[in-house]
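Each chain is listed here by its residues.
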Amino acid sequence: MSPGSHPAVTVSVLCYRDLDTIGPCVASVLALEYPGDLDVRIREQGQDDEQLARIEEAIAAAPPNARPKVEVTRRETDGLAEGQNNAMREGRGD
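Residues numbered from 1 in each chain as written. Predicted model: local features only at pLDDT ≥ 70, side-chain atom pairs only at ≥ 80, totals over all residues. Heavy atoms only, no water.

A. Molecular detail of the overall build of the protein. A tally of regular secondary structure across the protein gives 3 helices and 3 strands. Moving toward the C terminus, one meets the helices and strands of the protein in the order β-α-β-α-β-α. Here the C-alpha radius of gyration of the protein, 14 Å, is about what a compact globule of 94 residues would show, namely 12 Å. Dimensions of the protein, computed from the C-alpha atoms along their principal axes, are close to 45 × 30 × 15 Å. For the protein, buried positions account for 35% of its 94 residues. Put simply, 84% of the contacts in the protein that link residues at least 6 apart link residues at least 24 apart. Carbon and sulfur atoms make up 51% of the accessible area of the protein, which totals about 5,700 Å². Taking the average location of the 10 positive side-chain charges in the protein and that of its 17 negative ones, the two points are 4 Å from each other. (Helix = DSSP H or I, 4+ residues; strand = E, 2+ residues; numbered from the N terminus. Rg over C-alpha atoms; globule rule 2.2 N^0.38 Å. Buried < 20%, exposed > 50% of the residue type's maximum accessible area, 1.4 Å probe, protein only. Contact = heavy atoms within 4.5 Å. Areas by Shrake-Rupley, 256 points an atom, 1.4 Å probe, with all protein chains shown as cover. Lys, Arg positive; Asp, Glu negative; His and termini not counted. Charge placed at Lys NZ, Arg CZ, Asp CG, Glu CD.)

Quick look at the structure:
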């Protein structure tokens with residue numbers, strides 16, 4: 001890494017029945033001002049249509065200059081540790 005450069009970072013967000021908090025959480029991650037590449041992995045683990053809609057609404061409401069690449073994965077419940085491990089394996093951050 002050259003001086004002054006920033007490593008790519010993967011942010012993993014797992015959600016399971018988090019209707020009250022998932023929208024603000026996603027909005028907060030998308031508002032980050034990190035100078036390097038952000039790779040945001042959101043795993044909706046509850047097969048919950050309303051939760052998925054709130055995630056999609058927060059992504060759509062992000063400012064057009066939001067830098068991160070966002071990938072939403074909808075899966076059966078992996079559990080916390082396995083879900084985080086899967087997200088980090090799939091991520092592109094350093």
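From this point, things continue past the structure.
B. Main features of the environment of proline 24. For proline 24, the position within the fold is in helix 1 (residues 22-30). By relative accessible area, which is 53% here, proline 24 ends up exposed. Taking C-alpha positions, proline 24 is 11 Å from alanine 62, a pair spaced 38 residues apart along the chain.

C. Representation of the confidence of the model for the protein. Mean pLDDT over the protein: 85, with 91% of residues reaching 70 or higher. By mean pLDDT, the top-scoring element of the protein is helix 1 (93), and the lowest-scoring one is strand 3 (residues 69-74) (82). (pLDDT = per-residue confidence, 0-100.)

D. Expanded view of the environment of glutamate 56. If you trace the backbone, glutamate 56 turns up in helix 2 (residues 49-60). Since its relative accessible area comes to 46%, glutamate 56 is described here as partly exposed. Here the alpha-carbon distance between glutamate 56 and valine 72, two residues 16 residues apart in the chain, equals 8.7 Å.

E. Representation of the packing of helix 1 against helix 2 within the structure. Axis separation between helix 1 and helix 2 bottoms out at 8 Å; the angle between their running directions is 30°. For the element pair helix 1 / helix 2, the angle class is roughly parallel. In the packing of helix 1 onto helix 2, the handedness of the crossing is right-handed. Contacts between helix 1 and helix 2 involve Ile22, Gly23, Val26, Ala27 and Leu30 from the former and Gln51, Arg54, Ile55, Ala58 and Ile59 from the latter. Split into classes, the residues belonging to the contact of helix 1 with helix 2 amount to 7 nonpolar, 2 polar and 1 charged. (Axes fitted to C-alpha atoms, helices over the stretch in contact; angles between N-to-C directions. Parallel < 35°, antiparallel > 145°, perpendicular 65-115°, else oblique. Left-handed = near helix turned anticlockwise from the far one by under 90°. Nonpolar A, V, L, I, M, F, W, Y, C, P; charged D, E, K, R; others polar.)

F. Spotlight on helix 1. Within the span of helix 1, buried status applies to Ile22, Gly23, Val26, Val29 and Leu30. Summarising the axial view, the buried residues of helix 1 lie within an arc of 130°, below the 170-degree limit, and thus occupy one face. On its buried face, helix 1 is in contact with strand 1 (9-15), strand 2 (38-44), helix 2 and strand 3. (Arc of directions from axis to C-beta.)

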